[in-house]
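This is what each chain is made of:
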Amino acid sequence: MTSVIKVDIPEKSYDIAIAPGSLDQLGEQMASLQLGQKVLLVSNPMIFKYYGERAIASLKNAGFEVTSYNLPPGERYKTLNSIQKIYDIALENRLERSSTMVALGGGVIGDMTGFAAATWLRGINVVQIPTSLLAMVDSAIGGKTGVNHPHGKNLIGAFHQPRKVVIDPEVLKTLPVREFRAGMAEVIKYGVIWNAELFTQLEASKHLDQLRYVKSDLINYIITHSCQAKADVVSKDEKESGLRAILNYGHTIGHAVESLTGYRLLKHGEAVGIGMVAAGEIAVELGLWQKADTERQNALIKKSGLPTQIPADLDIEAIIDALQLDKKVKSGKVRFVLPTQIGEVKVTDEVTSDTVRQVLQKIQ
Ligand SMILES: NC(=O)c1ccc[n+]([C@@H]2O[C@H](COP(=O)([O-])OP(=O)(O)OC[C@H]3O[C@@H](n4cnc5c(N)ncnc54)[C@H](O)[C@@H]3O)[C@@H](O)[C@H]2O)c1
Ligand SMILES: O=C(O)C(=O)C[C@@H](O)[C@H](O)[C@H](O)COP(=O)(O)O
Ligand SMILES: [Zn+2]
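We now turn to the structure provided with this report. Just so we're clear, the structure is a prediction, and the values are computed from it rather than from any experiment. (Residues numbered from 1 in each chain as written. Chains lettered and ligands numbered in written order. Predicted model: local features only at pLDDT ≥ 70, side-chain atom pairs only at ≥ 80, totals over all residues. Heavy atoms only, no water.)

Topic: the overall build of the protein
Next up, step 1: Along the backbone of the protein there are 13 helices and 11 strands.
Next up, step 2: Relative to a compact globule of 364 residues, whose C-alpha radius of gyration would be 21 Å, the protein shows 20 Å and is just as compact.
Next up, step 3: Residues counted as buried form 58% of the 364 residues belonging to the protein.
Next up, step 4: Pairs at least 24 residues apart make up 76% of the contacts formed inside the protein by residues separated by at least 6 positions.
Next up, step 5: Carbon and sulfur atoms form 49% of the exposed surface of the protein, whose accessible area is close to 15,100 Å².
Next up, step 6: The centroid of the 41 positive side-chain charges in the protein is displaced by 3 Å from the centroid of its 40 negative side-chain charges. (Helix = DSSP H or I, 4+ residues; strand = E, 2+ residues; numbered from the N terminus. Rg over C-alpha atoms; globule rule 2.2 N^0.38 Å. Buried < 20%, exposed > 50% of the residue type's maximum accessible area, 1.4 Å probe, protein only. Contact = heavy atoms within 4.5 Å. Areas by Shrake-Rupley, 256 points an atom, 1.4 Å probe, with all protein chains shown as cover. Lys, Arg positive; Asp, Glu negative; His and termini not counted. Charge placed at Lys NZ, Arg CZ, Asp CG, Glu CD.)

Now the structure itself:
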């Protein structure tokens, strides 16, 4: 059975289709979008080895003319240099305005392919085929695309909505367990910012860190409810002029920690987990959130096998300085997304550096 969730943006609406085995229906799913014939499929060598040929066979069966290109894996390659390589292949293969880039991979491949598609010929089609849990529940949806600058996360990018997101949960069977856990951080995020019921379901679930059993009802529940939360928010505020900032919960400190550790020590989701612990503690400090609720959140993060502490050798002053590069900074003031109760958050610029320092020292 296919679940379909709509992202409702004027003139750019699209479907997120979730169904086991849907990788083999990719061509059919794209055929109804009236795209040009040429497709450039972007992936990385590992993911391509598992799923590339199946995706290409389905696209060719539907009449598409397909070229593929693999980028090296990992956040360290989420750079303008990689984008240049995609442009070179697009040029070589004469991709046209009606052509489509297909991102087959995790959030790194999705963000980069989306950005290349946003900028090649000033914007061509992109279809997202997320293969990590994190990409399924978050990065493939909503059109944030881009790359890192040597000094900060995602500092270069564009909003460019996909024409479709095709999720085949069966591909999670090959996802390494640490990557699965990293994806759970963004799932917990939706529980804290938007969907209290999702949060309590996660609390009630055993073996959250071992949930790669794709046939389980829970994994389908997690993917659908997370996609729905993201679709709800993005449909209300495509370009983060207001509400969408809540999707950045845990990312203010998370991004700083991720980039200061050179994208080697922590996965994005792990850094977000630590960032949520920090944000929860700040909210308690400010009297916005109950201590009992932050303890519930932190227990869930731990139960998912995620770290909850700032790495021991990381300089706290460097983290505080790095916060200035956050994209939510407004008139020079750092803005935080802070919980007020499970399922609700607010955005505030009333967090002093002293409070941040105190909390970071507490959780290091
Ligand atoms: N655009 C957005 O809205 C948004 C949202 C959240 C995160 N992100 C970005 O997403 C990135 C993190 O994404 P990620 O966690 O998917 O990391 P990732 O893309 O690096 O993928 C994680 C690892 O898992 C491997 N992998 C992926 N799917 C696999 C599968 N099915 N089988 C085997 N191996 C598989 C990849 O090769 C990679 O080594 C970060 O760059 C983050 O900034 C973007
Ligand atoms: O979609 C969004 O909006 C998000 O903030 C989702 C985040 O999980 C994601 O990591 C995003 O890329 C962060 O955005 P940024 O604008 O802080 O780079
Ligand atoms: Zn994120």
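With respect to the coordination of the zinc ion (ligand 3)
Next up, step 1: Every protein donor of the zinc ion (ligand 3) is accounted for by Glu186 (OE), His251 (NE2) and His268 (NE2), and the metal-donor separations fall at 2.0 to 2.1 Å.
Next up, step 2: Each donor residue of the zinc ion (ligand 3) lies on the same chain, and together they follow the pattern E-x64-H-x16-H. Of the two residues, His251 is situated in helix α9 (residues 251-260) and His268 in helix α10 (residues 268-285); the sequence distance between them amounts to 17 residues. The residues His251 and His268 share a single accessibility class, namely buried. (Donors = N, O, S within 2.8 Å, 3.2 Å for Na, K, Ca; no water.)

Section: the site of ligand 2
Next up, step 1: Taken together, 14 residues are adjacent to ligand 2, and Asp138, Lys144, Lys230, Arg244 and Lys327 come closest.
Next up, step 2: Between Asn154 and ligand 2, the recorded distance is 2.9 Å, taken from a side-chain N or O atom to an oxygen atom.
Next up, step 3: Within the backbone of Leu247, a nitrogen or oxygen atom sits 3.5 Å from an oxygen atom of ligand 2.
Next up, step 4: For ligand 2, the accessible surface in isolation is 430 Å², of which the surrounding protein chains cover 92%.
Next up, step 5: Tallied by class, residues from the shell around ligand 2 come to one nonpolar, five polar and eight charged. (Near = heavy atom within 4 Å. Polar contact = N/O pair within 3.5 Å; in protein donor to acceptor, adjacent residues only side chain to side chain. Nonpolar A, V, L, I, M, F, W, Y, C, P; charged D, E, K, R; others polar.)

Remarks on the packing of helix α6 (residues 177-193) against α10
Next up, step 1: At a minimum axis separation of 7 Å, α6 and α10 run at an interaxial angle of 40°. With respect to their mutual orientation, α6 and α10 come out oblique. Along this stretch, α6 crosses α10, giving a crossing that reads as left-handed. Residues Arg178, Ala182, Ala185, Glu186, Ile188 and Lys189 of α6 form the contact with α10, whose own contacting residues are His268, Gly269, Glu270, Val272, Gly273 and Met276. (Axes fitted to C-alpha atoms, helices over the stretch in contact; angles between N-to-C directions. Parallel < 35°, antiparallel > 145°, perpendicular 65-115°, else oblique. Left-handed = near helix turned anticlockwise from the far one by under 90°.)

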